[in-house]
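Understanding the architecture of this molecule
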Amino acid sequence: MMRDRRARIVATVGPASAAPDMLGQLFRNGVDTFRLNFSHGEHDTHAGVIAAIRALEAEAGVPIGILQDLQGPKIRLGKLGGGPQMLERGQMVAFAPDERADAFPLPHPEIFAALQPGHRLFIDDGRVRLAARRVAPDRIEAEVLEGGQISDRKGVNLPDTVLDLPVLTEKDRRDLDFGLAHGVDWVALSFVQKASDLDEITRIIDGRAGLVAKIEKPSALEDIDAIVARSDAIMIARGDLGVEIPPEEVPARQKELIALCRRESRPVIVATQMLESMTASPAPTRAEASDVATAIYDGADAVMLSAESAAGAYPAEAVAVMDRIIRSTEAHAHYARVITASREAAATPADAIADHGAMLASALGARAVVAYSRSGSTAARISARRPFLPLIVLTRDLHVGRRMALLWGAQALTEDSVNDYDSMVETALRESRPLVSASSGDSLVILSGVPFGQSGSTNNIRVATFA
């Protein structure tokens, strides 16, 4: 089965979508990868969802991706002794790492060590905004810039401060062990601040899953080239990012990040509030439809649903609407011009092989590009070129095949009978024929490596013809 669109859909599983029947409906409506949000839910619940997705995959005969999203360190206020408090603009308030009568509790000592006068504090997704005026090891005095009500356990964002926080909390470690043991395909790390934040989790994963760096901190934007280089994929998490940087900067940052990921052949997901109104409405707003289309015009590999599919009243409808928006956008003549014009020049020999393979297939009018890929890197390079013809990925590793469900335009076929170059060509012709409705005389362009079967050795372009 090959979908009649290139960009992929990621949908978050939650109470509204965890039942096997609903997971099946979401897949049929267009979901390619399911996201499990480990900020919520117990391991037993997630295990049941994973089992249901794998059963659906076996029934459909198509690799389906599972993305585990780790919660990461959450910064929150403590319990307010006097209950909810209303703060007024210009008011001076204090924060302390412990409970005191004259200060709000902020039980994160690392904040008091790192915050500097002038740094901002945003509470409750930026609804209340303050600026630090005086900072001591056990006390922060801040001026209210934008007032509002605060209450127990509200989230705190610090857009100007790089914190010495543990990259993986104890909860994250337990969740990661669980996810890897249950065969998740991608792991998303929350609140990445710098490239070195990825080192420990990379060692733990050890190639068992792809690593997604979530970009939601201004400090991450300062180290973005290195973060992209050390990741397997990127998620533009516009929720927290849009709180910590001015909202008018988010669209341009989105375009910059997508272009960088395409240049580095990293799949990129655009996430958060894409069809937010569909949590309670069967139809999106026109602005939301435009937002999804903009991400597709920008060249994103995938767009993601969060609350819309996890807890909304219309999860199946939200997926169907997103699918229609993507297909309509990709069918527009302007889309091909924009995507082709934004192609980056090849930077390495492997990039050059992928670039020329894709261009050759287009010039010949080939039915498809076929990549034989042990690790998925060749497929990612071809996908980043955005060829407007099917991309079929032959791999003997089902885990790699499942990761392809996040790549623009890719369709994975797992095949373990291939053992040399000639059998690979024969298998490519045989397996791709029904997918692309090939006729005698039609051609394929096949990318592989010689010597055959060595990861990272793609150096060969072959034109093969259907008998």
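The rules behind each value
Residues numbered from 1 in each chain as written. Predicted model: local features only at pLDDT ≥ 70, side-chain atom pairs only at ≥ 80, totals over all residues. Heavy atoms only, no water. Helix = DSSP H or I, 4+ residues; strand = E, 2+ residues; numbered from the N terminus. Buried < 20%, exposed > 50% of the residue type's maximum accessible area, 1.4 Å probe, protein only. Contact = heavy atoms within 4.5 Å. Pairing = 2+ DSSP bridges. Axes fitted to C-alpha atoms, helices over the stretch in contact; angles between N-to-C directions. Right-handed = clockwise from strand over helix to strand, strands pointing away. Phe/Tyr/Trp six-rings, centres within 6.5 Å; stacked < 30°, edge-to-face > 60°. Lys NZ or Arg CZ within 6 Å of the ring centre and 35° of its normal. Expected span 1.5 Å × (residues − 1).

Per an unreviewed UniProt entry, the protein goes by the name Pyruvate kinase and belongs to Paracoccus marinaquae.

Turning our eyes to something else, we now look at the environment of Met-235. Inspection of the secondary structure assignment puts Met-235 in strand E14 (residues 233–237). Of the residues examined, Met-235 reaches a relative accessible area of 1% and is grouped as buried. Between the alpha carbons of Met-235 and Leu-257 there is a distance of 9.4 Å; along the sequence they are 22 residues apart. Setting aside its immediate chain neighbours within four residues, Met-235 contacts Leu-67, Asp-69, Val-212, Ala-213, Lys-214, Ile-215, Ile-269, Ala-271 and Met-304.

A separate point is the sheet that holds strand E21 (residues 458–465). Spatially, E19-E18-E17-E20-E21 is the arrangement adopted by the 5 strands of the open sheet, whose pairing is mixed. With partners counted over all chains shown, the strands left at the sheet margins are strand E19 (410–414) and E21, one partner each. Taken pair by pair, the neighbouring strands of this sheet meet at an average axis angle of 25°, ignoring direction. Those strands touched by helix H14 (residues 349–364) are strand E17 (368–372), strand E20 (443–449) and E21, and its axis lies near 15° from that of E21. This element, helix H17 (residues 421–436), spans E17, strand E18 (391–395), E19, E20 and E21 of the sheet and lies at about 140° to E20.

What follows is about the pairing of strand E12 (residues 186–189). Along any regular strand, the residues point their side chains to alternate faces of the sheet. Of the two faces of E12, the one lined by Trp-186 and Ala-188 and the one lined by Val-187 and Leu-189 are each fully buried. Taking the sense of rotation as the criterion, the β-α-β connection linking E12, helix H5 (residues 199–205) and strand E13 (residues 210–215) turns out right-handed.

All right, on to the packing of aromatic side chains then. If you walk through the whole model with that rule in mind, you get 5 aromatic pairs. Here Tyr-335 and Phe-388 contribute two aromatic rings whose centre-to-centre distance is 5.8 Å and whose plane-to-plane angle is 90°, an arrangement assigned as edge-to-face. Placement of the pair is Tyr-335 in helix H13 (residues 333–341) and Phe-388 in the loop between helix H15 (377–384) and E18, with a sequence separation of 53 residues. A relative accessible area of 1% means that Tyr-335 is categorised as buried. According to the relative accessible area criterion, Phe-388 is partly exposed, its value standing at 34%. Ring geometry for Phe-388 and Trp-408: centres 5.9 Å apart, planes at 90°, overall edge-to-face. One end of the pair, Phe-388, is in the loop between H15 and E18; the other, Trp-408, is in the loop between helix H16 (398–403) and E19, with 20 residues separating them in the sequence. These aromatic residues form a ring-pair network of at least three members: Tyr-297, Tyr-335, Phe-388 and Trp-408. Looking at Arg-3, its charged tip hangs above the ring of Phe-27, at a distance of 4.9 Å from the centre. Across the ring face of Phe-122, the terminal group of Arg-129 is positioned such that the distance to the ring centre comes to 4.1 Å.

The end-to-end C-alpha distance of helix H4 (residues 170–181) is 17 Å, a good match for the 16 Å that 12 residues give at a rise of 1.5 Å each. Burial in H4 covers these residues: Asp-172, Asp-175, Leu-176, Phe-178, Gly-179 and Leu-180. Along its buried surface, H4 packs onto helix H2 (43–60), strand E3 (65–69), E12 and H5.

Along E14, 5 of the 5 residues are buried, which leaves the element largely enclosed by surrounding structure. Because side chains alternate across E14, one face comprises the buried residues Ala-233, Met-235 and Ala-237, and the other comprises Ile-234 and Ile-236, equally buried. Where E13 lies against E14, 4 bridges are found, and the strand directions are parallel. Residue Val-212 lies in a different strand from E14, and its bridge partner there is Ala-233. The pairing of E14 with strand E15 (residues 268–271) spans 4 bridges and is classified as parallel.

Glancing now at the sheet that holds strand E16 (residues 302–305). Where strands meet in a sheet, backbone hydrogen bonds hold them as pairs that are either parallel or antiparallel. If you walk around this closed barrel you meet the 8 strands as E1-E2-E3-E12-E13-E14-E15-E16, and the pairing is parallel. When the angles between neighbouring strand axes are averaged without regard to direction, this sheet yields 25°. The pairing of strand E2 (residues 33–37) with E3 spans 5 bridges and is classified as parallel. By the bridge assignment, Phe-34 is partnered in E3 with Ile-66.

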